[in-house]
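Chain and residue survey
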Amino acid sequence: MTAPVNSFQDILDVLEQNPELRSQLRVHILTEELLQLPAQFLLLRTDVDELKNGQRELQTRMNRVEGRLGNIEGNLYEQNAVRIAVQLASVELGIEGPRVAFSRFDNAHPNFNQALQAAVQSGRISREEFRDLIHADLIVYGQNRRHAVVEISLGPNEHDISRAIRRSEILHTATGDEVMPVIATPEPHAALTEEAEGRNTHVLDIPA
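Now for a description of the structure that goes with this document. No experiment lies behind these values; they were computed from the predicted model shown.

Points about the overall build of the chain
Secondary structure assignment for the chain yields eight helices and five strands. Ordered by position in the sequence, the α and β elements of the chain form the string α-α-α-α-β-α-α-β-β-α-β-α-β. A burial count over the chain gives 29% of its 208 residues as buried. In the chain, once contacts between residues fewer than 6 apart in sequence are set aside, the share between residues at least 24 apart is 59%. Surface exposure of the chain reaches about 13800 Å², of which carbon and sulfur atoms provide 52%.

Examining the pattern of salt bridges
Tallying each qualifying case throughout the model produces eleven salt bridges. The residue Arg 104 makes a salt bridge to Glu 78 at a minimum N-O spacing of 2.5 Å. With Arg 104 in the loop between β1 (99-103) and α5 (110-122) and Glu 78 in helix α4 (residues 37-92), the pair connects residues that are 26 residues apart, well separated along the chain. The exposure class of Arg 104 is partly exposed, given its relative accessible area of 41%. Arg 163 serves as the salt-bridge partner of Glu 151, at 3.8 Å between the closest nitrogen and oxygen. Here Arg 163 lies in helix α7 (residues 158-175) and Glu 151 lies in strand β3 (residues 146-152), a separation of twelve residues in the sequence. In this structure Glu 151 comes out as buried when scored by relative accessible area, which is 4%. According to the relative accessible area criterion, Arg 163 is partly exposed, its value standing at 27%. Overlapping salt bridges bring together Asp 132, Glu 151, Asp 160, Arg 163, Arg 166 and Arg 167 as one network.

Conventions adopted
Counting of residues starts from 1 at the beginning of each chain's written sequence and follows it residue by residue. Residues qualify for local features only when their pLDDT is at least 70, as the model is predicted, and side-chain atom pairs are given and counted only at 80 or more; totals for whole chains, interfaces and linings, by contrast, use all residues. Working from all heavy atoms in the structure, the side-chain values ignore hydrogens and water. Segments assigned H or I by DSSP are reported as helices when at least four residues long, segments assigned E as strands when at least two residues long, and all are numbered from the N terminus. Exposure is judged per residue with a 1.4 Å probe applied to protein chains only, and the accessible area is read against the type maximum: over 50% gives exposed, under 20% gives buried, and values in between give partly exposed. In this description, contact between two residues means that some pair of their heavy atoms is separated by no more than 4.5 Å. Reported accessibility uses the Shrake-Rupley method at a 1.4 Å probe radius. Residues are deemed covered only where the shown protein chains occlude them. Whenever Lys or Arg places a side-chain nitrogen within 4 Å of a carboxyl oxygen from Asp or Glu, that contact is recorded as a salt bridge.

Put into structure tokens, the structure is as follows:
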């Protein structure tokens, strides 16, 4: 027998005890739009998640494109800087009759390669030092036995200076000749120039 309903609280008690009755009442009271809100909310969350995933994928692709463009720009600058650095070597670095001994874009000069191989075989430099040296961007040699190890960068920092110094020391050990560490960069900033000069490293200002 159904309990009598005499107050609003009685109605709430009946609804609490009858889930099916609650569902029927909800259909009568709520509009179709309101009934569909939970499902629509789930669809909206799905759409937002898909949008976020799409944005992340787009950003990843953009980063890859920017990286490739940066590499292209850097390579173009390095190729141009190699040519100009050799031209400046006699005036700014005191290298007589400067020639390219090695660069990332050309094969090593035969005499230079033979000299390094002999240095490895004699034990003056290690194989690890040899591999480090041939990762230099540019090595210039001169008739007056004065040479330069050049690190080329659009945005150089203290690590580029350290690499130029380390590799110039390796080349000095291998050949016994005077070797200068050099940084080639467009519009070098004051802090870089000051640090380079403090570490006996030349800076070549080569426009991009």
